[in-house]
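# Observations on the model geometry
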Amino acid sequence: MEKLFSNNEDLLPFVQEINRYAEGVHSLNEGIDESSIEDLESMLKVKFPKVYKDFLQICNGGELFIPGTVISEIYTTTSGPKQRGGSYLNDSFMIERRRPGMPDTYLIIADLNYGDTICLDLDTNNGYESTVVQWDREAQEVSRSWGSFVEWIMDTLEEGAMLVDYEGNEKDLDF
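Residues numbered from 1 in each chain as written. Predicted model: local features only at pLDDT ≥ 70, side-chain atom pairs only at ≥ 80, totals over all residues. Heavy atoms only, no water.

### Notes on a nonpolar patch on the surface
Inclusion rule: Patch membership requires more than 30% relative accessible area and the absence of a salt bridge. Residues of like charge join within 9 Å; the nonpolar side chains Val, Leu, Ile, Met, Phe, Trp and Tyr join within 5 Å. In this description, accessible areas are obtained by the Shrake-Rupley approach with a 1.4 Å probe, and a residue is regarded as covered only by the protein chains that are shown. Any Lys or Arg side-chain nitrogen found within 4 Å of a carboxyl oxygen on Asp or Glu counts as a salt bridge. Each helix is a run of H or I in the DSSP string that is no shorter than four residues. Each strand is a run of E no shorter than two, and both are numbered from the N terminus.
Together, Met162, Leu163 and Leu173 give the surface a local cluster of nonpolar side chains, amounting to about 290 Å² of exposed area. With respect to the secondary-structure elements, Leu163 resides in the segment after helix 4 (149–161).

Encoded structure:
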């Protein structure tokens, strides 16, 4: 995997941590251009927080700790046909993608391997950042929340690091 880079100071901890992992531990897509992000915002009639837009320009979705957290990507026709089981930001507000009871202001940005979804709460978007929530598909409610996208993504890396080392080897868990 090519090393990631960001000009956004808040995303530097993510970039530095992700770059420490061996190839194959994560599968992150190449970043997407700002005009594609703006096109999707216009299509969905929403505004993404700036830090999330900067993240998409670093990596347009992918997967952390394969098999693990699938981060939604922006689909463009130049990327070929949509992949079966893929997670696309374009589909975030489609009825078949939404969980029962999920507020309309939740933008699905990731899927966990056990079925819950991770969402930006666009009601909390201050232009730069917004709250991130985990929507529990069984309880049909928020089960966790983070104050920001960066807090969520770093928490995800921290949780994964408890299970997998930088080379991708599973760690012995002594409980």
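### Quick notes on the nonpolar core
Stated formally: Take the buried Ala, Val, Leu, Ile, Met, Phe, Trp, Tyr and Cys residues and link them wherever side-chain atoms come within 4.5 Å; each set so joined is a nonpolar core. For each residue, the accessible area found with a 1.4 Å probe, counting protein chains only, is set against the maximum for its type, and the residue is called buried under 20%, exposed over 50%, and partly exposed in between. Contact definition: two residues touch when any of their heavy atoms are within 4.5 Å.
Counting residues in each nonpolar core, the largest one holds 41 residues, and the members touching the most others are Phe14, Tyr52 and Phe149. Counting only elements with at least two residues in this core, the list comes to helix 1 (12–18), helix 2 (34–44), helix 3 (50–58), strand 4 (106–111), strand 5 (117–121) and helix 4. Here the element with the most residues in this core is helix 4; it accounts for six residues. In contact with Tyr52, not counting residues within four places along its chain, are Ser72, Leu89, Leu107, Ile109, Leu120 and Phe149. Tyr106, Ile108, Val133 and Trp135 belong to the second-largest nonpolar core, a separate cluster that totals six residues.

### Some thoughts on the sheet that holds strand 5
Our working rule: Should DSSP find at least two bridges between two strands, the strands are regarded as paired.
The seven strands are arranged 1-2-3-4-5-6-7 in an open sheet whose pairing can be described as antiparallel. Strands at the two margins of the open sheet, each flanked by one partner only, are strand 1 (27–28) and strand 7 (141–146). Two strands pair when backbone bridges link them, and strand 5 and strand 6 (residues 132–136) are joined in this way by four bridges, in the antiparallel orientation. Across the sheet, Ile118 pairs through a bridge with Gln134, a residue of strand 6.

### A look at unusual backbone geometry
Most peptide bonds are trans, and most residues other than glycine sit at a negative phi. The amide bond that connects Ile66 to the next residue, Pro67, takes the cis arrangement and shows omega of -15°. With respect to the element layout, Pro67 can be found in the loop between strand 2 (62–64) and strand 3 (69–71). In the Ramachandran plot, Lys45 falls in the positive-phi region, its phi being about 60° despite a non-glycine side chain. Mapping Lys45 onto the fold places it in the loop between helix 2 and helix 3. Of note in the backbone geometry, Gln140 takes a positive phi value of approximately 55° without being a glycine. Owing to a relative accessible area of 39%, Gln140 belongs among the partly exposed residues under this scheme.

### Examining the packing of helix 3 against helix 4
Any two packed helices are characterised by how steeply their axes cross, that is the angle between the axes, and by the distance between the axes. Going by this rule: Throughout, an axis means a line fitted to C-alpha atoms (over the contacting stretch in the case of helices), and angles, computed between N-to-C directions, take values from 0 to 180 degrees. Put simply, angles under 35 degrees are roughly parallel, angles over 145 are roughly antiparallel, angles from 65 to 115 are roughly perpendicular, and the rest are oblique. Nonpolar residues are Ala, Val, Leu, Ile, Met, Phe, Trp, Tyr, Cys and Pro. Charged residues are Asp, Glu, Lys and Arg, and all others, Gly as well, are polar.
Viewed as axis vectors pointing N to C, helix 3 and helix 4 meet at an angle of 50°, and their least axial separation amounts to 9 Å. The orientation of helix 3 with respect to helix 4, classified from their angle, is oblique. Residues Val51, Tyr52 and Phe55 of helix 3 touch helix 4, and the partners they reach there are Phe149, Val150 and Ile153. Residue classes in the contact of helix 3 with helix 4 are distributed as six nonpolar, no polar and no charged.

### Some words on the environment of Asn8
Let me state the cut-off plainly: Identification of polar contacts relies on pairs of N or O atoms within 3.5 Å, with a donor-acceptor requirement for protein atoms, meaning one able to donate a hydrogen and the other able to accept it, and with residues adjacent in sequence counted only if both atoms are side-chain atoms.
By the element assignment, Asn8 lies in the segment before helix 1. Distance in space between the C-alpha atoms of Asn8 and Leu40 is 21 Å, their sequence separation being 32 residues. Residue contacts for Asn8: discarding those within four places in its chain leaves Val51, Asp54 and Tyr128. At 2.7 Å, the side chain of Asn8 forms a polar contact with the side chain of Asp54.

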